[in-house]
Amino acid sequence: MPGVVSASTADLVPFSGSGWNQTVIVDGVRQDTYVNLNRVSPRYFETLQTPLLAGRDFTDRDTRESPTAAIVNRRFAEQSSASRPARRRTP
């Protein structure tokens, strides 16, 4: 389409009022609370022009066969056991 610079998809549209949450495991430790989540396609944050504080956006290399990847917000990182820098995390 003319004028389109970037496109991506998401299971939940921002500001829709919809939600999806579940418990998560970080470094083998189940977190004590439910977290809100969304499943998005590659370049989602680039498309929304949302800068990442650390780590990387999802890419086409993130598939069902590749190691699990997640992008979390600052609050989750501070309150969970995810204390190592994001760019150095491995499964």
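Conventions and cut-offs
- Residues numbered from 1 in each chain as written.
- Predicted model: local features only at pLDDT ≥ 70, side-chain atom pairs only at ≥ 80, totals over all residues.
- Heavy atoms only, no water.
- Helix = DSSP H or I, 4+ residues; strand = E, 2+ residues; numbered from the N terminus.
- Buried < 20%, exposed > 50% of the residue type's maximum accessible area, 1.4 Å probe, protein only.
- Lys, Arg positive; Asp, Glu negative; His and termini not counted.
- Salt bridge = Lys/Arg side-chain N within 4 Å of Asp/Glu carboxyl O.
- Polar contact = N/O pair within 3.5 Å; in protein donor to acceptor, adjacent residues only side chain to side chain.
- Contact = heavy atoms within 4.5 Å.

Student: Would you mind going over the side chain of aspartate 57 with me for this structure?
Tutor: Looking at where aspartate 57 falls in the secondary structure, it is placed in the loop between helix 1 (44-47) and helix 2 (74-79). With no salt bridge to any partner, buried aspartate 57 finds its closest opposite charge in arginine 43, at an N-O distance of 6.6 Å. Within the structure, the side chain of aspartate 57 is placed 3.4 Å from the backbone nitrogen of phenylalanine 45, a separation counted as a polar contact. A distance of 3.2 Å separates a polar atom in the side chain of aspartate 57 from the backbone nitrogen of glutamate 46. Those residues in contact with aspartate 57 that lie beyond four places of it in its chain are Arg43, Tyr44, Phe45, Glu46, Leu52, Asp62 and Ile71.

Student: Teacher, can you tell me more about the pattern of salt bridges here?
Tutor: Pairs can form between side chains of opposite charge whenever their charged atoms are close. Evaluation of the coordinates by the stated rule reveals two salt bridges. A salt bridge links arginine 43 to glutamate 46, with the nearest nitrogen and oxygen atoms 2.8 Å apart. Owing to a relative accessible area of 37%, arginine 43 belongs among the partly exposed residues under this scheme. Arginine 56 serves as the salt-bridge partner of aspartate 62, at 2.9 Å between the closest nitrogen and oxygen. Since its relative accessible area comes to 44%, arginine 56 is described here as partly exposed.

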